[in-house]
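Residues per chain are reported as follows:
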Amino acid sequence: MPIEKKDIRALSKDQLRDFFVSNGDKAFRGNQVYEWLWSKGAHSFDDMTNVAKPTRQMLEEHFVINHIKVDTMQRSEDGTVKNAVRLHDGLIVESVLIPTETRTTACVSSQVGCSLDCNFCATARLKRMRNLEPGEIYDQVVAIDRESRLYYNHPLSNIVFMGMGEPLMNYNNVIKAIDMITSPEGLGMSPKRIMVSTSGVPKMIKKLADDGVKFKLAVSLHSAIDEIRSRIMPFSENFPLADLREALEYWYRKTKSKISYEYVVWKGINDDKASVDALVKFCKYVPCKVNLIEYNPIDDGEFQQASEEAIAAYIKGLEAIGIVVKVRRSRGKDIDAACGQLANKS
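The rules behind these values
Residues numbered from 1 in each chain as written. Predicted model: local features only at pLDDT ≥ 70, side-chain atom pairs only at ≥ 80, totals over all residues. Heavy atoms only, no water. Helix = DSSP H or I, 4+ residues; strand = E, 2+ residues; numbered from the N terminus. Rg over C-alpha atoms; globule rule 2.2 N^0.38 Å. Buried < 20%, exposed > 50% of the residue type's maximum accessible area, 1.4 Å probe, protein only. Contact = heavy atoms within 4.5 Å. Areas by Shrake-Rupley, 256 points an atom, 1.4 Å probe, with all protein chains shown as cover. Lys, Arg positive; Asp, Glu negative; His and termini not counted. Charge placed at Lys NZ, Arg CZ, Asp CG, Glu CD. Pairing = 2+ DSSP bridges. Axes fitted to C-alpha atoms, helices over the stretch in contact; angles between N-to-C directions.

Draft legend 1. Expanded view of the overall build of the protein. Tallying secondary structure elements over the protein gives ten helices and 14 strands in all. Relative to the compact-globule value of 20 Å for 346 residues, the protein shows a C-alpha radius of gyration of 22 Å, a close match. Taken along its principal axes, the extent of the C-alpha atoms in the protein is 70 × 45 × 40 Å. Taken over 346 residues, the protein has a buried fraction of 53%. Pairs at least 24 apart in sequence give 64% of the contacts found in the protein among residues at least 6 apart. For the protein, the exposed surface amounts to about 16,000 Å²; the carbon and sulfur share of it is 50%. Here the protein contributes 48 positive and 46 negative side-chain charges, whose respective centroids are spaced 5 Å apart.

This is the structure in structure tokens:
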């Protein structure tokens, strides 16, 4: 019976060095292979041209490189690029390149499907099939960096974990991927250019703070009234706003890093004065800024974009207490690449 080969990228550099020593080779060979796997992005052992052929054959016998493959790529009228990314087991996730005048942002996925059940999000309608491995998250960033250089003549400038899945429900793999993205041995990106967006899992937000992460945190809030929030995000019944508030206060005490609140305003759901007042009050607890996000319909009509007047009421209320607020117009709607639309229609 053939042995099941392990993904070589699951090994640390020290483990790779140990592997070579235990197979009668020099430890430095582990450093060479590690560099090929991460900073050089080798897709196969044959790519490792400065490694002797018998050594490559030995690696082939023991390991695989579970690399992603960009299955299809779509370009929007506004320049947004959406990748349907095929994983080694045939499953597909989506990631997006969002260009602006001054920068390009990668929106990456952390799970196949999603662990949560937000009613307004197409991804949440896919059941969670599995967590992505660190290498699969890393590869999405590498692919988008390549596209950024190709289409926009500069390297990727920012990363947001706002694609498919809840990043904090795949905590260890997301942290490992970010460690490689920010490592000089990986992509060498600054953690300040990375934002992890969560729907609000208090225990894991505290863990982020305890682990001393250097990236930024965003919270998909959408309502500061428990009853409304649990109606649109049913899982949040287990995570009431009082617990979320306590976790965010803990985060700020530990990290001194501002929170970004992601907030969609819907007609007849959270477009009233009570909702505005509740958000204004919630924003007083922890230094923060608010992104009011344009809603992208996902076919069924239950959720509809609120009026410009409702958006203006939020802006007025937040600015009155000195909160920076931005209205984010969605990009890539024509290719279902906008917020909440990633559903593997391909």
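Draft legend 2. Highlighting the side chain of serine 109. Structurally, serine 109 can be placed in the loop between β6 (104-107) and β7 (111-112). Excluding residues within four positions of it along the chain, serine 109 makes contact with Val93, Glu94, Leu132, Ile137, Gln140, Gly163 and Met164.

Draft legend 3. Structural detail: the sheet that holds strand β3 (residues 69-75). Here we have ten strands laid out as an open sheet, ordered β3-β4-β5-β6-β9-β10-β11-β12-β13-β14, and mixed in their pairing. Sheet topology places β3 and β14 (324-328) at the edges, where each strand pairs with a single neighbour. Adjacent strand axes in the sheet meet at a mean angle of 20° when their direction is disregarded. As judged from the three bridges shared by β6 and strand β9 (residues 158-161), these two strands associate in the parallel manner. Within the sheet, the bridge partner assigned to threonine 105 lies in β9 and is asparagine 158. On top of the sheet, helix α10 (residues 308-320) reaches β12 (259-264), β13 (288-293) and β14; it is set at about 160° to β14, its chief contact.

Honestly, that's just the spatial picture; any functional story needs more than this.
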